[in-house]
Amino acid sequence: MGVSGSRTPSIRGAFLFLVLFLHVCNGFYLPGSYMHTYSKGDAIFAKVNSLTSIETELPFSYYSLPYCKPNGGIKKSAENLGELLMGDQIDNSPYRFQMNVNETVYLCTTSPLNENEVKLLKQRTRDLYQVNMILDNLPAMRYAQQNGINIQWTGYPVGYTPPNSNDDYIINHLKFRVLIHEYEGSGVEIIGTGEEGLNVISEADKKKASGFEIVGFEVFPCSLKYDPEVMTKHHLYDNISAVSCPSELDKSQIIREQERISFTYEVEFVKSDIRWPSRWDAYLKMEGARVHWFSILNSLMVITFLAGIVFVIFLRTVRRDLTKYEELDKEAQAQMNEELSGWKLVVGDVFREPDCPKLLCVMVGDGVQILGMGVVTIVFAAFGFMSPASRGMLLTGMIILYLFLGIVAGYVGVRMWRTIKGTSEGWRSVSWSVACFFPGIAFLILTVLNFLLWSNNSTGAIPISMYFVLFALWFCISVPLTLLGGFLGTRAEAIQYPVRTNQIPREIPTRKYPSWLLVLGAGTLPFGTLFIELFFILSSIWLGRFYYVFGFLLIVLLLLVIVCAEVSVVLTYMHLCVEDWRWWWKAFYASGSVALYVFLYSINYLVFDLQSLSGPVSAILYLGYSLLMAVAIMLSTGTIGFLMSFYFVHYLFSSVKID
């Protein structure tokens, strides 16, 4: 009876927890943020992000141009770590909408443009800079036609330059179309994880929550010349008569000195059947989706087929060697030992200490850290937790994961050091090197690029304060955890070699061609699994497109891990068969060499797909970030190949007894 009585409260507690969990999870929407509902006439203010261009990749502040400023001054929105590192600068704006009220509104008229303002406006116009506006956490979307194809863009241009003309015209009138869905709050509870934080609509708030929700935000820009004498008689938010966008250039607002530019906008609210959880669908549609899907599937099938054939042939070869050897009697084995050939001849050298063992352990430790960060991030993104509505969340999550995975990096690096050296002596130096190696490379590259951004007054430059924040996070979280991981590595059970190492190293036979040629060529197979997805990733980064097919990216990542492991194992076996016992670094670079092809492909993308990118600064920025990406890929893929090859060699030589 005592047992039964003790179980009853625990069962009730579990049942209560389940009910509360289901109660809270009702209406959990991903991607997105906490749903706002508005009553008719409620004021909604749009926000503005940095000006961006696919030609320069240098973001600038919205208010670096002579635009209208809001009452009460410019106020920056709270930004997370990822937003700051991405160069986002979200400010308030004077654009005010009244829910479900269609109106045409006057904003302001500038003072006469001076020479610097004209020069800056013309430069931003000709560099194809876009204004990025946000309403209720939705970016403004613009539809345009190019070669008879409908194209959707986020944002609208600063201005435009007509063909065969030296004049530039500014966009000073915006037509907004806000899609709204009428929302009934009864019987629905909503929880969200957006920039507004974690929120739940209670029973008391249900009636209040009924109203309109914003499910779309479209903009149609145009240039319109106003009479400044007439427009200056208006005040901010005065209603004016509706206007139509002119097709004649003489009725558009030219950019030149002493011109006074009047800014106006009109807003139209349109009821839509789109529900709030589906409002991001329009942004996440990628052009050429069918090509994207079929290309990925084709790549998966081809690589899986090739890897399967290689793996089956390899298993049959090794299994036949081992079976033939184990079936012999002792006398035949002794005779066979005298006539050994291939990988069996290097039994006394296969575990000989490699060149630069400390560097190898450091790179493997950092590779595990980067690989773990990438896998966990992509898994979370594939399940919808890295919502595009939460700007910068992807980068913030990656940084946090990298910091906390320092304990794994220290453990792997020190344990490998202990395995190679046979002692724990020097583990502190290895741990510190693991903690500093990749962050040091990233710091060096980002500092050089940051000086370029600072010199151009770009918002993409990392502030000095952010450097101190990143340094504090690294020094206070990553370094201690890496040292703790290293300490745990010294306490872990040592990996024992199955064979003894001879005192005198065996001479390696000369080969007709250098072994590094084969190692570099091995990277083509892993690259085959990656390059199609790489195109879409580069397009999302440099052409301002949303990337949200993380499910496919997760499949490609898993396939990449398998192929990297198989390629390194096969090449290690091939080197051992020709009596080359120096397999350590070759196993690392057999799969790590995919980074070389990634970097070369990035250069190819710069030359052929980013032809609009102009100026040496933009090209250096692109190549700098591509180099950092290639280093991270080399460390992670090289680690996969090395660890799998180490396990294979250990298993191979522990499966057969050779005196």
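Whatever comes next refers back to the structure up there.
Residues numbered from 1 in each chain as written. Predicted model: local features only at pLDDT ≥ 70, side-chain atom pairs only at ≥ 80, totals over all residues. Heavy atoms only, no water.

Asker: Sorry, what's going on with the overall build of the chain here?
Answerer: What the chain contains, in helices and strands, is 19 helices and 16 strands. The buried share of the chain, taken over its 659 residues, is 49%. Taking contacts inside the chain between residues at least 6 apart in sequence as the whole, the part at least 24 apart equals 84%. Total accessible area on the chain is roughly 32500 Å²; 62% of this is exposed by carbon and sulfur atoms. (Helix = DSSP H or I, 4+ residues; strand = E, 2+ residues; numbered from the N terminus. Buried < 20%, exposed > 50% of the residue type's maximum accessible area, 1.4 Å probe, protein only. Contact = heavy atoms within 4.5 Å. Areas by Shrake-Rupley, 256 points an atom, 1.4 Å probe, with all protein chains shown as cover.)

Asker: Quick question: what am I supposed to make of the state of the cysteines here?
Answerer: What is meant by a disulfide is a covalent connection between two cysteines, made through their sulfur atoms. By the definition in use, this model includes two disulfides. The disulfide partner of cysteine 68 is cysteine 108, and the gap between their sulfur atoms is 1.8 Å. Looking down the S-S bond of the cysteine 68 and cysteine 108 bridge, the torsion is -85°, so its handedness is left-handed. Taken together, the positions of cysteine 68 in the loop between strand 1 (43–48) and helix 2 (81–86) and cysteine 108 in strand 3 (residues 103–109) put the pair 40 residues apart, joining distant regions of the chain. (Disulfide = S-S within 2.5 Å.)

Asker: Would you explain the pattern of salt bridges in this entry?
Answerer: Close approach of charged atoms allows side chains with opposite charge to pair. Evaluated as defined, the whole model comprises eleven salt bridges. With its nearest N and O atoms 2.9 Å apart, the salt bridge here joins arginine 256 to glutamate 259. Judged by relative accessible area, which is 12%, glutamate 259 ranks as buried. Residue aspartate 580 pairs with arginine 582 through a salt bridge whose shortest N-O separation is 3.8 Å. Of the residues examined, aspartate 580 reaches a relative accessible area of 2% and is grouped as buried. One continuous salt-bridge network, built from bridges that share partners, spans Lys122, Arg126 and Asp168. (Salt bridge = Lys/Arg side-chain N within 4 Å of Asp/Glu carboxyl O.)

Asker: Mind showing me how you'd approach unusual backbone geometry here?
Answerer: What you tend to see is this: most non-glycine residues have negative phi, and most peptide bonds are trans. Unusually for a residue other than glycine, leucine 128 sits at a positive phi of about 60°. Mapped onto the secondary structure, leucine 128 falls in the loop between helix 3 (115–126) and strand 4 (130–131). By relative accessible area, leucine 128 is classed as partly exposed at 44%. Backbone geometry at asparagine 137 places phi at a positive 70°, although glycine is not the residue there. Residue position: asparagine 137 is located in the loop between strand 5 (133–135) and strand 6 (138–139).

Asker: What am I meant to see in the nonpolar core here?
Answerer: As a rule of thumb, soluble globular proteins bury nonpolar side chains together. Of all hydrophobic cores here, the largest spans 134 residues; its most connected members are Tyr95, Met133, Phe176, Phe217 and Phe653. Considering each element in turn, this core owes the most residues, 16 residues, to helix 19 (residues 616–654). Among residues more than four places away in sequence, those in contact with tyrosine 95 are Ile44, Phe45, Ala46, Tyr62, Leu107, Met133, Tyr156, Leu174, Phe176 and Tyr265. Judged by nonpolar contacts, the second largest core, of seven residues, contains Ala381, Met386, Leu554 and Leu557. (Core = buried A, V, L, I, M, F, W, Y, C linked by side-chain atoms within 4.5 Å.)

Asker: Honestly, the pairing of strand 1 in this entry has me stumped. Any pointers?
Answerer: It is a general feature of regular strands that their side chains alternate between the two faces of the sheet. Burial of strand 1 is one-sided: the residues Ile44, Ala46 and Val48 facing one way are buried, the residues Ala43, Phe45 and Lys47 facing the other way are not. Here strand 1 runs beside strand 2 (residues 91–98); their pairing, made up of five bridges, is antiparallel. Opposite isoleucine 44, over in strand 2, you have phenylalanine 97 as the bridge partner. With two bridges joining them, strand 1 and strand 5 adopt antiparallel strand pairing. Each residue of the ladder has a partner; that of valine 48, found in strand 5, is methionine 133. (Pairing = 2+ DSSP bridges.)

Asker: Sorry if this is basic, but what is going on with the packing of helix 17 (residues 584–592) against helix 19 here?
Answerer: Relative placement of two packed helices is described by the angle separating their axes and the distance separating the axes. At a minimum axis separation of 7 Å, helix 17 and helix 19 run at an interaxial angle of 130°. Between helix 17 and helix 19, the interaxial angle falls into the category oblique. Crossing hand, helix 17 versus helix 19: right-handed. Where helix 17 approaches helix 19, its residues Trp584, Ala587, Phe588, Tyr589, Ser591 and Gly592 are matched on the opposing element by Met634, Leu635, Thr637, Gly638, Thr639, Gly641, Phe642, Ser645 and Phe646. Here the residues of the contact of helix 17 with helix 19 sort into eight nonpolar, seven polar and no charged. (Axes fitted to C-alpha atoms, helices over the stretch in contact; angles between N-to-C directions. Parallel < 35°, antiparallel > 145°, perpendicular 65-115°, else oblique. Left-handed = near helix turned anticlockwise from the far one by under 90°. Nonpolar A, V, L, I, M, F, W, Y, C, P; charged D, E, K, R; others polar.)

Asker: Looking at this structure, how should I read the pairing of strand 16 (residues 262–271)?
Answerer: Burial analysis of strand 16 places seven of its ten residues in the buried class, which makes it a mostly covered element. As defined by bridge partners, strand 3 adjoins strand 16 across six bridges and the pair is classed as antiparallel. For threonine 109, the partnering residue across the bridge sits in strand 16 and is serine 262. Relative to strand 16, strand 12 (residues 173–183) runs parallel, the two being bridged by eight bridges. Across the sheet, histidine 173 pairs through a bridge with threonine 264, a residue of strand 16.

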